[in-house]
Amino acid sequence: MLSHAPGRVRAVLGPTNTGKTHLAIDRMLGHASGMIGFPLRLLARENYDRIVATKGARSVALITGEEKIVPPSPRWFVCTVESMPVDRLVDFLAVDEIQLCADPERGHVFTDRLLHARGTSETMFLGSDTVADLVRRLVPEVHIETRQRFSTLTYTGPKKLTRLPRRSAVVAFSVAEVYELAELIRRQRGGTAVVLGALSPRTRNAQVAMYQEGEVDYMVATDAIGMGLNMDVDHVAFANTRKFDGRRARPLTHAEIGQIAGRAGRHMNDGTFGTTNEAPPLDEEAVQAVESHRFDPVKRLYWRNRRLDFASPKMLLKSLEMRPPRTDLIRARDGEDQFVLQRLVQDEDVTSLSTNPAAVRLLWEVCQIPDFRKVMPDHHAVLLKRIYLALAAGPDREGRLPEDWVARQIDRLNVTTGDIDTLTNRIAYIRTWTYISHRGDWLDDAVHWQERAREIEDKLSDALHERLTQRFVDRRAALIERRRKDGVELLSAVTASHQVIVEGEPVGAMEGLVFVPEEADKASRPVLAAARRAVAQAMPDRVARLALDDDGSFALKPCGRVTWRGADVARLVPGRAALAPGIAVMRNEFLDNAAKETIRARLSAWLDRHMRKQLRQLLQALDADLKGAARGLVFQLSERLGSLPRRSVRDLLNSLTKADRKALRGLGLRFGAQTVYFPALLKPTILRLRATLWAVHTDADMPPVVGPDGRAIDAPMLPAAGLSGDHWAAVGYVPLGSVALRCDRVEKLSAALRKVAKQGPFEETEALTALAGCSGSAFASVLSRLGFRGDPAEDGVVYKPKSRPNRQGKPGNKPAPRRAKAKSRKKAPDVDPGSPFAALRDLAIAK
């Protein structure tokens, strides 16, 4: 089976962490030339970098399906097993993880290397001792050496995910489960690295480096970590003990459990393993097998014929289906390359060009382009057909792929936006093109396309690492978790920009005097405790700033809340009168009684000035030197915040002297036919303040002069349902049936009605309904309350003033005579004009 005389053949077998790989590399470098094959591109690159560091880049070549670094005269070759140039003579040859001969997907490649790959001086196979018997039978000249593990593995049973020790690796067998576990660990422990077989080597390296450097203490991975990735893992936890092997879901074998669990404990450090996340405990037999490193031997190895017949596509397929020559070999499953070949030979365009051995060999080489996306074979076959037709169409079947087409295929993948799944798919596709670019005979400028594909893969890999880190690592929480476990107090402070930071990371902000955490449901208790400590230390300074701040920093919300620089700090509470509300500081665990009194005093002073500015006419009237009925009228107006129906104070109005009326008009009061009011207090913003004061004083709903967004409503007419007359008076309106009209509008409508009534009965007109804000029955209701009745007429309804009783109590149109003025009135006592609320203390006398 060999074209040259083999040298000594050794099989170094044993469990993980026995130094097998180190031994093989050391032996290879002791020879003038050598080659070693690894099961993963990642492992090949890792060991290539290690050898280059000691021997120099000019002495070492790297050959994988997607990467080729071959100096002019390399001495040593580091490869993936599939990419080993086994036709090249070297003194030393080694294959790592030789037990993968029993893998249904890739086993035939490892079996081929076992049977046919040799070094001229020395050959070494490394792996598990489960294949010892088969290696001995298939390679009779082999010398088998067994090695013992440097450290021990101990089963610790099931543990909750939140109870796993630091430096743990959690193993799952689906991408969805890996992401779910990583999310949970992020919330509970601050973050985790993620290792999946679908990640590019660059992304996997970045994730592993993050774990190795201690940025995170946990890793969630698929069984990809079981294949030689060297990490400082102390504990391996199986989140599941079943996996899908491409055909069915099945339990893990004891050997598979041992291979993965063996990642725990490196060199002389002991390791532990167990289960988590509701996975059942391992049975006693499995535990004993893993702890003692004794597993059932492999019975058969997978094999595929290597002597292919390229006479025609059909003969090629027939040779691939040949049965193995021995009973301890089993024909491999039809691989991805064979599936694609079966589909392409059914295509007339392909078969018309596959008419000679060279063309058939080229077809087979194209079929071996890997599909890292793992899409359906039919979909992958479309791409491979396009490639084959381009290559087979040239003279002597030496065509080249069109550069413009290759550029379009590659450049459309140069997009780093998207989520984790999107970036993973792009990386898988660019890896296919990286593989194609390393076929120098397929492209005119292969080096350019290799560099271009590598550049895009690196950019996508960096973006994917960033997305994984953003989603599954809370750097702040991870740092805090480590400090907490080390017993170090967390550093915290409140910055000048009002951010609350813990260990340099923002955890919330101060809104006024209140600490508002970011994502309070996700913050850990130690973080919140450190943040509260910083807030408590900063609170005296914030209270002092509030006390010294200017009036423009305070505001009153329609709901009665008082704000400082936009944040709620207090609320109005009912006082002795609507114009004299109290102030209660909002509940705050960081404020003592002295601080609350400081805040209350400052806000009270601001509120007094604010109300004096907004309600100036009313408060000036209260301060004015008025006597008797005039003072009583102003007091009544103060209780309704500046407006009253005329009928409710008719006696006081009848008692006013001409001098009283003149003085009151000079203060801005208007005497209307229906109302008495201060026109200056009907502005929308002032009505909003009046509504707030009234709602606080009466503990009632907000009158509808304030919209849902808190803005004042400038509407002379509103629906009247649901509120009493006192409520409407407090906000400057008069309820008239189904509508409420603002005082100034009521007076305009009343004047218009008196004017038109002088000419006799009148009908509803557009001008009158515009003033009333309604028509029909609602209009009739408004006029009825203003002293007009509606009588049926031919064309509708006509209106005229209601008749009033005469002196004899009989109906008539002549108004009753005005009552004589009282001969004497109680004199109102003098008050201190310096107090804005002095009149409120004279309630009894004013009444």
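This section reports on the structure supplied with the text. The shown structure was predicted, so the numbers you read here are calculated from the model rather than taken from an experiment. (Residues numbered from 1 in each chain as written. Predicted model: local features only at pLDDT ≥ 70, side-chain atom pairs only at ≥ 80, totals over all residues. Heavy atoms only, no water.)

Remarks on the pattern of salt bridges
Moving on, step 1. Tallying each qualifying case throughout the model produces 51 salt bridges.
Moving on, step 2. Taking the shortest distance from any N to any O, the salt bridge between Arg-41 and Glu-457 comes out at 3.5 Å. Remark: Glu-457 occurs in helix α16 (residues 446-472) and Arg-41 occurs in helix α2 (residues 41-55); sequence separation between them is 416 residues.
Moving on, step 3. Assessed through its relative accessible area of 2%, Glu-457 is described here as buried.
Moving on, step 4. Through salt bridges with shared partners, a single network forms among Arg-41, Arg-45, Asp-49, Glu-66, Glu-67, Arg-431, Arg-454 and Glu-457. (Salt bridge = Lys/Arg side-chain N within 4 Å of Asp/Glu carboxyl O. Helix = DSSP H or I, 4+ residues; strand = E, 2+ residues; numbered from the N terminus. Buried < 20%, exposed > 50% of the residue type's maximum accessible area, 1.4 Å probe, protein only.)

Let's talk about unusual backbone geometry
Both trends apply: most residues other than glycine have a negative phi, and most peptide bonds are in trans.
Moving on, step 1. Here Asn-277, not a glycine, exhibits a phi torsion of approximately 55 degrees, which is positive.
Moving on, step 2. Mapped onto the elements of the fold, Asn-277 is located in the loop between β16 (271-276) and α8 (284-292).
Moving on, step 3. Here Asn-277 falls in the partly exposed class, since its relative accessible area comes to 30%.
Moving on, step 4. Of note in this structure, His-498 is not a glycine but carries a positive phi near 75 degrees.
Moving on, step 5. Structurally, the position occupied by His-498 is in the loop between β19 (492-494) and β20 (499-502).
Moving on, step 6. Its relative accessible area of 27% is what places His-498 among the partly exposed residues.

Considering the packing of helix α10 (residues 336-344) against helix α12 (residues 357-367)
Moving on, step 1. Between α10 and α12, whose axes approach to 9 Å, the crossing angle comes to 130 degrees. The orientation of α10 relative to α12 falls into the category oblique. By crossing handedness, the relation of α10 to α12 is classed as right-handed. Contacts from Asp-337, Gln-338, Val-340, Leu-341 and Leu-344 of α10 reach α12 at Leu-363, Trp-364 and Cys-367.
Moving on, step 2. A class-by-class count of the residues in the contact of α10 with α12 yields six nonpolar, one polar and one charged. (Axes fitted to C-alpha atoms, helices over the stretch in contact; angles between N-to-C directions. Parallel < 35°, antiparallel > 145°, perpendicular 65-115°, else oblique. Left-handed = near helix turned anticlockwise from the far one by under 90°. Contact = heavy atoms within 4.5 Å. Nonpolar A, V, L, I, M, F, W, Y, C, P; charged D, E, K, R; others polar.)

Things to note about the sheet that holds β16
Moving on, step 1. A sheet is described by the order of its strands in space; here six strands give the open sequence β9-β16-β13-β10-β12-β11, paired in parallel fashion. Only two strands of the sheet have a single neighbouring strand rather than two, namely β9 (153-159) and β11 (193-195). Taken pair by pair, the neighbouring strands of this sheet meet at an average axis angle of 20 degrees, ignoring direction.
Moving on, step 2. In this structure, strand β10 (residues 168-171) lies alongside strand β12 (residues 218-221), joined through four bridges in parallel fashion. Bridging across to β12, Ala-169 finds its partner in Met-219.
Moving on, step 3. Lying on the sheet, helix α5 (residues 175-189) is in contact with β10, β11 and β12; it crosses β12 at an angle near 165 degrees. (Pairing = 2+ DSSP bridges.)

Side note on the packing of aromatic side chains
Moving on, step 1. Under the criterion given, the structure shown has eight aromatic pairs.
Moving on, step 2. When the ring of Trp-728 is compared with that of Tyr-733, the centres are 5.7 Å apart and the planes differ by 55 degrees; the resulting orientation is tilted.
Moving on, step 3. Among the residues examined, Trp-728 registers a relative accessible area of 0% and is labelled buried.
Moving on, step 4. Tyr-733 sits in the buried class, given a relative accessible area of 2%. (Phe/Tyr/Trp six-rings, centres within 6.5 Å; stacked < 30°, edge-to-face > 60°.)

Structural notes on the environment of Pro-158
Moving on, step 1. Looking at the secondary structure, you find Pro-158 in strand β9.
Moving on, step 2. Along the backbone, Pro-158 and Asn-277 are 119 residues apart, and their C-alpha atoms lie at a distance of 8.4 Å.
Moving on, step 3. Sequence-distant contacts of Pro-158, defined by excluding residues within four places in its chain, comprise Thr-275 and Pro-281.

Remarks on the pairing of strand β24 (residues 561-564)
Moving on, step 1. Pairing analysis gives three bridges linking strand β23 (residues 554-556) to β24, with the strands arranged antiparallel. Residue pairing across strands places Leu-556 opposite Val-562, the latter belonging to β24.
Moving on, step 2. Between β23 and the antiparallel strand that follows it, β24, lie four residues; Gly-560 among them carries a positive phi value of about 95 degrees.
Moving on, step 3. Alignment of β24 against strand β25 (residues 567-577), held across four bridges, turns out to be antiparallel. For Val-562, the partnering residue across the bridge sits in β25 and is Ala-570.
Moving on, step 4. Taking the residues between adjacent antiparallel strands as the criterion, β24 and β25 are bridged by two residues, where Arg-565 takes a positive phi near 50 degrees.

Topic: a negative patch on the surface
Moving on, step 1. Taken together, the side chains of Asp-283, Glu-284, Glu-285, Glu-291 and Asp-296 present a region of like negative charge at the surface.
Moving on, step 2. On the secondary structure map, Glu-285 appears in helix α8. (Patch = residues over 30% accessible without salt bridge, like charges linked within 9 Å, V, L, I, M, F, W, Y side chains within 5 Å. Areas by Shrake-Rupley, 256 points an atom, 1.4 Å probe, with all protein chains shown as cover. Lys, Arg positive; Asp, Glu negative; His and termini not counted. Charge placed at Lys NZ, Arg CZ, Asp CG, Glu CD.)

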